[in-house]
Amino acid sequence: MKKYKNHTDINLAKEPEVFYLIDNPFDRIVGVLGGTSQVGQVVNSDIDLISITRKGLPKSVVYSLCEVLDISMERLSDLMHISHRTLQRKADDDLLTVSSTEQLFEIAEVVSKGIEVFDTLDNFRNWLHSTPYIFNGQKPLDFLDTRFGIQYVKNIIGRIAHGIPS
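As a starting point, this report considers the structure included with it.

Parameters at a glance
Residues numbered from 1 in each chain as written. Predicted model: local features only at pLDDT ≥ 70, side-chain atom pairs only at ≥ 80, totals over all residues. Heavy atoms only, no water. Core = buried A, V, L, I, M, F, W, Y, C linked by side-chain atoms within 4.5 Å. Buried < 20%, exposed > 50% of the residue type's maximum accessible area, 1.4 Å probe, protein only. Helix = DSSP H or I, 4+ residues; strand = E, 2+ residues; numbered from the N terminus. Contact = heavy atoms within 4.5 Å. Arc of directions from axis to C-beta. Salt bridge = Lys/Arg side-chain N within 4 Å of Asp/Glu carboxyl O. Phe/Tyr/Trp six-rings, centres within 6.5 Å; stacked < 30°, edge-to-face > 60°.

1. A word on the nonpolar core
Of all hydrophobic cores here, the largest spans 48 residues; its most connected members are Leu-76 and Leu-104. Mapped by element, the contributors of at least two residues to this core are helix 2 (25-32), helix 4 (46-55), helix 5 (60-69), helix 6 (73-80), helix 8 (98-118), helix 9 (121-128) and helix 10 (147-161). Counting residues per element, this core draws most heavily on helix 8, which supplies eight residues. For Leu-104, the residues in contact, after removing those within four places along its chain, are Leu-33, Leu-57, Val-61, Val-62, Leu-65, Leu-76, Met-80 and Leu-96.

Below, the structure written as structure tokens:
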């Protein structure tokens, strides 16, 4: 397991031009979620991701992800399988459940990979909100509500990265 020593506290929503220069995949995922200050600790390894997942991410990361994906909190709550009202009632520093935290990390990983493949956040967002043929008339965003859907989107992004028509 590769351990990264240098980290940055980059927030993709606030500093997209700096985000593109980050090579560390953990910093990229954390950047999608609002940076180290939002996530609550530095992430240098998969073990750190597991630790945070067990503890739970603060609700405040939901705002960052909504901004990055250009969706409403209601739409993100649907992807997380939480009622919008339940999410609204939580304070910004309240911790999310293990399954919600896992879901957010998975979505953040898709965003990070998507930006890498599509070169910019705007290009990735446009693709995410489009209806490519391979998704049978649905948006890639619609598939981010399950692990299988997330894996499918990752596979399609990987195909695009390798120049395979998708």
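2. A look at helix 9
If you check which residues of helix 9 are buried, you get Leu-121, Phe-124, Arg-125, Trp-127 and Leu-128. Across the axial projection of helix 9, the buried residues extend over an arc of 165 degrees, all falling on one side.

3. Comments concerning the pattern of salt bridges
Inspection of every chain in the model, using the stated rule, returns seven salt bridges. Measuring nitrogen to oxygen at the nearest pair gives 3.9 Å for the salt bridge that ties Asp-92 to Lys-59. In this pair, Asp-92 is assigned in the loop between helix 7 (84-89) and helix 8 and Lys-59 in the loop between helix 4 and helix 5, connecting sequence segments 33 residues apart. On the accessibility criterion, Asp-92 (41% relative accessible area) is partly exposed. The buried category is assigned to Lys-59, whose relative accessible area is 3%. Where Glu-116 meets Lys-113, a salt bridge forms, and the shortest distance between an N and an O atom there is 3.4 Å.

4. Considerations on the packing of aromatic side chains
According to the stated counting rule, one finds seven aromatic pairs in the structure shown. Judged by centre distance (5.8 Å) and plane angle (70 degrees), the ring pair of Trp-127 and Phe-135 falls under edge-to-face. Exposure remark for Phe-135: the relative accessible area of 0% places this residue in the buried category. Geometrically, the ring pair formed by Phe-135 and Tyr-152 is edge-to-face, given 5.3 Å between the ring centres and 85 degrees between the ring planes. With Phe-135 in the loop between helix 9 and helix 10 and Tyr-152 in helix 10, the pair connects residues that are 17 residues apart, well separated along the chain. Through successive ring pairs, a cluster of aromatic residues spans Phe-118, Phe-124, Trp-127, Phe-135, Phe-143 and Tyr-152.

Purely geometric numbers; function is a separate question.
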